[in-house]
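Listed here are the chains, written in short residue letters.
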Amino acid sequence: MGGGRKRGRTQRRHFKQGRENVWKHNPQRPPAGEGGGEGREGNPSWQPFATENPAFEEYYKEQKIIPEVEWDGFMSMLRKPLPATFRINASCQFFQDICSQLENDFRKSLETEVSDEHEEDAIRPLPWYPGNLAWHLNFSRMQLRRNQALESFHEFLKRENEVGNITRQEAVSMVPPLFLNVEPDHHILDMCAAPGSKTFQLLEMIHQSTKPGLLPNALVVANDVDVQRCNLLIHQTKRMCTANLIVTNHEAQNFPGCSLAKFCSETCMDEANLQRLEFDRVLCDVPCSGDGTVRKAPDMWRKWNAGMGNGLHRLQVEIAMRGMGLLKVGGRMVYSTCSMNPVENEAVVAEILRRCGDSVELLDVSNELPELARRPGLNTWKVRDRGSWFGVHEDVPRYRKSVISPSMFPSGKGSKDLEVNTDVVDADMKDSTVREGEQETNIANDDSDNGDKLKTEEKTEVDCESGEAPTRHKKPVLTSIRTEHSDYPLHRCMRIVPHDQNSGAFFIAVLHKLSPLNENHAVDGEQNISKDKTGKLEKNLGSDKVSSEENIAHQQVVDDTNVLNGEHNGGMDSESSKNKNDAKVIGNEAEKGQAGIRDRRRQQNQGRWRGVDPVIFFKDEVTVKSIVSFYGIKDSFPLEGHLVTRNPDTSHVKRIYYVSKSVQDVLELNIKIGERLKITSLGLKIFERQSSKDGSPCTFRLSSEGLPLLLPYITKQILYASAIDFQHLLQYRTIKFPDFVDAKFGEEASALLPGCCVVVLREGHQDIESIATDPSAIAIVCWKGKTNLCVMVSPLDGKELLERISLRYGLKIPKLDKEKPSQEIAGSDEQADCATEADDQECLPESKTSDVEIPDAEEAE
């Protein structure tokens, strides 16, 4: 197990390195087709980046992923820069305004700009994405950055992406969530979620299906193994401002099983069986070699070799099987990669079907998204290892069988002989052929990669430009004369190739769970695949071990779920005797009743996840009553059981989060079973502690993120401003009461109690009483001081609102006049709170968000 975990960590590192966008980090190297042919002025030593790899071409020609007559068009498209694409958030407040702006302003103004001769429009909706919500630009990201004529549109994209109104994302990356067929009450698991574009897309779907102002019943659990990538995931999803999301930090193949049945006696078993965390939908977008992203990450040309896919195959199978185990009967799982390699794609799907038997079917979704161009999956393929091709596992040399597993080959009942190249391989060839299969060995054992050379077991240097070692043969030799043909309906899978719709490449398979997985459906598992519990049968859903990374982080904590089974944590050998004693004690308590076990479990799990604060239900009735009284929150807004915090000491709580009923249920289950989920973020920040010299009767102010949810239920500390006064507030951020254009508004503001208040734009509404209940109402959080009102939204959000109301009501935005009301607030603490609100550090593990470089979502995808 230890070696497998090390392999998983190093695989993820290579996976991230392999998908770096060199154009972002090195502007001296623009993609082909963007002025790179003649070098750069002032830098005569500059050379354009190579967009070719002979090993890549030979590999995919042999795999026949496309007809030979299309090969030149396929390769030509791969060498072109990727067009920029983005998606509109249909659940955002300004959805209609953004659509109108794109159709009526940008679409017309961009027609005269640089465009590809093969494209009809400079900007157009993607025809296959529902509702015209996704847009394709006839410009690459580099052109958007460097073309002065596109500057205003580029600024629009950056701003709207940052506030969450749009998401910049590669077009093919938007496809997998669409095939999940998400419904408003679904529990959804995104197993490998970072950087979060697909997670954000799933959140859009569940909120779009719910009436404005109401929380959906659905839930999204977004998981990622890497802490830094979890931080990026949190940063991306915070733009959504949702109470229906839980972010977790686990190895996907070891995602914990959360079932109360394991801890209950036989008398309560029926009731406990209902309390288990299963999912209606699972998105299994696994780590992969990423060669489908070569258009936006051209460094892949240099790094690619066939061993990358071979080295990731087993991890992909384990993650997919874990996802299938967590899926409800009747549920749907989408397996996807951004790779074109059948070893990472069809081979994994075939292995899932082989292991699950009649419990799982591969769906034919050819009638869904009919305008999306896709190719059927392959039914036959080969495996390349050390420069040799193999069609069946039996032909793999014995000393390589531990590396090249049977599951990499088509999984049928038999094989048939095919006419293939049967050139004799001489001894010299064996010593000098390609070693790309050794990439797996490097991934598993080598913690360093110099980016130029990769070394094999025999210390043969492999040139990353071609993926091959020096050889006197131009082409590798096929050593296997047999090739398997899969009996599974793998043609139901889909492969998206770049030259069909000017996109990247992607692979998608849609699986439907027909019945529970059980031992009758377990087909001869191969010895070389890890016997990980998470890859086993569904009946063991609740008995998974905590991953190695978590064991290392918590060597002093006894996993009581394992103790109850008489098991010992492999990473805690030094405390084995102590564990035995604890097991006896807990066993005695189990006989006395479940309440004692749960109390002990809570005590054992204090600080269970190092670097991550616990999730605690906020039950300080005095504080809650003061908040309700100060803002006049209606009784119809449910608070009990929906407020959580990350600080065990309620007297020092800084932030209070609101969670939906679905998230509340998961949290309660997680507590009952010993807090097995490592939760790094959840809920919607709704209240924040606020100290003030003005003596506000309420110690908590409203959070801008939670205001849209709470606004219809607030009856006190609320003001209604004209468009001009609302504009002035956003523009100058602090205004004294006599300086408002509407004198009555200034008087009403001065009459409020000191502290936090809400200002609502009343323009465009007939009845003031109904403004707060209107989903389109625009409101901001402010602070009422002794002499003025101060805006408490970030400058970025303030600028976005200012432009929106100016466009909507035809107001002009004058330049800031230094003689206008001062932004300084003398003698109070509110000035500091009017700055950009800091990232919530309580919900982040081990490292701060500010220390993480946050790239564009599209580039991190």
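Since this is a predicted model, take the numbers as computed values, not measurements. (Residues numbered from 1 in each chain as written. Predicted model: local features only at pLDDT ≥ 70, side-chain atom pairs only at ≥ 80, totals over all residues. Heavy atoms only, no water.)

**As for the overall build of the protein chain**
Heads up, the rule is: A run of H or I in DSSP becomes a helix once it reaches four residues, and a run of E becomes a strand once it reaches two; helices and strands are each numbered from the N terminus. Buried residues are those whose accessible area, probed at 1.4 Å on protein chains only, stays under 20% of the maximum for their type, while exposed residues exceed 50% and partly exposed ones sit between those limits. When checking whether two residues touch, look at their non-hydrogen atoms; a contact exists if any pair is within 4.5 Å. Surface exposure here means Shrake-Rupley accessible area, sampled with a 1.4 Å probe, where a residue is shielded only by the protein chains that are shown.
Scanning the protein chain for helices and strands turns up 29 helices and 31 strands. When burial is assessed residue by residue, the protein chain has 59% of its 861 residues classed as buried. Sequence-distant contacts in the protein chain: of pairs separated by 6 or more residues, those separated by 24 or more amount to 78%. Roughly 35,400 Å² of accessible area belongs to the protein chain as shown, and the carbon and sulfur atoms make up 48% of that amount.

**Regarding the sheet that holds strand β1 (residues 83-88)**
Sheet strands pair via backbone hydrogen bonds, and the direction of the pair is either parallel or antiparallel. What counts here: A pair of strands is considered paired only if DSSP assigns at least 2 bridges between the two. Helix axes are fitted only over the stretch in contact, all axes being lines through C-alpha atoms; the angle between N-to-C directions runs from 0 to 180 degrees.
An order of β2-β3-β1-β4 is seen for the four strands of this open sheet, with the pairing classed as antiparallel. Edge strands, defined here as strands with exactly one partner in the open sheet, are β2 (123-125) and β4 (166-168). Averaged over all neighbouring strand pairs, the angle between strand axes comes to 25°, with direction disregarded. Where β2 lies against strand β3 (residues 134-140), three bridges are found, and the strand directions are antiparallel. The partner of Arg 124 across the bridge, within β3, is His 136. Along the sheet face, helix α9 (residues 197-208) touches β1 and β4 and points at about 30° away from the line of β1.

**Considerations on the pairing of strand β25 (residues 684-689)**
Counted residue by residue, β25 has five buried out of six residues, so it is predominantly covered. With three bridges connecting them, β25 and strand β26 (residues 700-702) associate as antiparallel partners. Considered in β26, the bridge of Glu 688 is made with Arg 701.

**With respect to the nonpolar core**
Convention followed: Residues belong to a common nonpolar core when they are buried Ala, Val, Leu, Ile, Met, Phe, Trp, Tyr or Cys residues joined through side-chain atoms within 4.5 Å.
Residues Met 324, Met 333, Tyr 335, Val 349, Ile 352 and Leu 511 are the most contacted members of the largest nonpolar core, which totals 84 residues. Among the elements that take part in this core, helix α13 (residues 307-326) stands out by supplying nine residues, more than any other. When sequence neighbours within four positions are dropped, the list of residues in contact with Val 349 reads Tyr 335, Leu 362, Leu 490, Cys 493, Phe 507 and Ala 509. Phe 86, Phe 95, Val 175 and Ile 234 belong to the second largest nonpolar core, which has 64 residues in total.

**A word on the packing of helix α7 (residues 151-163) against helix α27 (residues 795-809)**
We apply this condition: Crossing handedness follows the turn of the near helix against the far one: under a right angle anticlockwise gives a left-handed crossing, and clockwise gives a right-handed one. Three residue categories are used. Nonpolar comprises Ala, Val, Leu, Ile, Met, Phe, Trp, Tyr, Cys and Pro, charged comprises Asp, Glu, Lys and Arg, and polar comprises the others, including Gly.
Where α7 meets α27, the closest approach of the two axes is 10 Å, and the angle between their N-to-C directions is 115°. The hand of the α7/α27 crossing is left-handed. The residues of α27 that touch α7, namely those facing Phe 156, Arg 159, Glu 160, Glu 162 and Val 163, are Leu 796, Asp 797, Glu 800, Glu 803 and Arg 804. Here the residues of the contact of α7 with α27 sort into three nonpolar, no polar and seven charged.

**Considering the pattern of salt bridges**
The test is simple: For this document, the term salt bridge refers to a Lys or Arg side-chain nitrogen within 4 Å of an Asp or Glu carboxyl oxygen.
According to the stated counting rule, one finds 29 salt bridges in the structure shown. Residues joined in a network through salt bridges with shared partners are Arg 159, Glu 160, Glu 800, Glu 803 and Arg 804.

**Focus on the UniProt feature "binding site: S-adenosyl-L-methionine" (unreviewed entry) in the protein chain**
Keep this limit in mind: UniProt positions are given in the numbering used here, feature names are shortened, and annotations may be inferred rather than shown by experiment.
As annotated in UniProt, the feature "binding site: S-adenosyl-L-methionine" (unreviewed entry) corresponds to Cys 192, Ala 193, Ala 194, Pro 195, Gly 196, Ser 197, Lys 198, Asp 224 and Asp 285 in the numbering used here. Despite a sequence span of 94 residues, these residues sit close together in the fold, their greatest C-alpha distance being 13.1 Å. Among the structural elements, Asp 224 can be located in the loop between β6 (219-223) and α10 (227-237).

**Things to note about the packing of α9 against α10**
Relative placement of two packed helices is described by the angle separating their axes and the distance separating the axes. Contact geometry for α9 and α10: axes closest at 9 Å, N-to-C directions at 35°. The chirality of how α9 crosses α10 is right-handed. Seen from α9, the contacting residues are Thr 199, Phe 200 and Leu 203; seen from α10, they are Leu 233, Gln 236 and Thr 237. Among the residues making up the contact of α9 with α10, the classes are represented as three nonpolar, three polar and no charged.

**Considerations on the sheet that holds β26**
A sheet is described by the order of its strands in space; here five strands give the open sequence β21-β22-β23-β25-β26, paired in antiparallel fashion. Each end of this open sheet is capped by a strand with a single partner; those strands are β21 (616-617) and β26. Looking at chain direction, strand β22 (residues 643-645) and strand β23 (residues 655-658) are connected through two bridges and run antiparallel. Opposite Val 644, over in β23, you have Tyr 657 as the bridge partner. Across the sheet, helix α22 (residues 621-631) touches β22, β23, β25 and β26, and the angle it forms with β26 is around 50°.

**Here's the deal with the confidence of the model for the protein chain**
What counts, and what does not: Confidence per residue, as judged by the predictor, is encoded in pLDDT with a range of 0 to 100.
Of all residues in the protein chain, 65% have pLDDT values of 70 or greater, and the mean over the chain is 74. Within the model, pLDDT remains below 50 along residues 816-861, and this stretch shows 120 contacts once partners closer than five positions in the same chain are excluded.

**So, the state of the cysteines**
Worth spelling out the cut-off: The term disulfide is used for any two cysteine sulfur atoms that are within 2.5 Å.
This structure, assessed with the given rule, holds zero disulfides. For Cys 99, which is in no disulfide, the shortest distance to another cysteine sulfur is to Cys 92 and amounts to 8.0 Å. Residue classification places Cys 99 among the buried positions, given a relative accessible area of 18%.

**Regarding the packing of aromatic side chains**
What counts is decided by this rule: Each Phe, Tyr or Trp ring, with Trp reduced to its six-membered ring, pairs with another whose centre is within 6.5 Å; inter-plane angles below 30 degrees give stacked pairs, above 60 give edge-to-face pairs, and intermediate values give tilted ones. The criterion is that NZ of a Lys, or CZ of an Arg, lies within 6 Å of the ring centre and within 35 degrees of the ring normal, and then a charge sits over that ring.
Scanning all chains against the criterion turns up 17 aromatic pairs. For the pair Phe 740 and Phe 745, a centre-to-centre distance of 4.9 Å together with 75° between the ring planes defines the contact as edge-to-face. In this structure an aromatic cluster arises from ring pairing among Phe 56, Tyr 59, Tyr 60, Trp 301, Trp 304 and Trp 389. Just above the ring of Phe 200 sits the side chain of Arg 239; from NZ or CZ to the centre is 4.2 Å.

**Observations concerning the environment of Leu 669**
Here Leu 669 lies in helix α23 (residues 661-672). The exposure class of Leu 669 is buried, given its relative accessible area of 9%. When the C-alpha positions of Leu 669 and Leu 277 are compared, they lie 8.1 Å apart, and in sequence the two are 392 residues distant.

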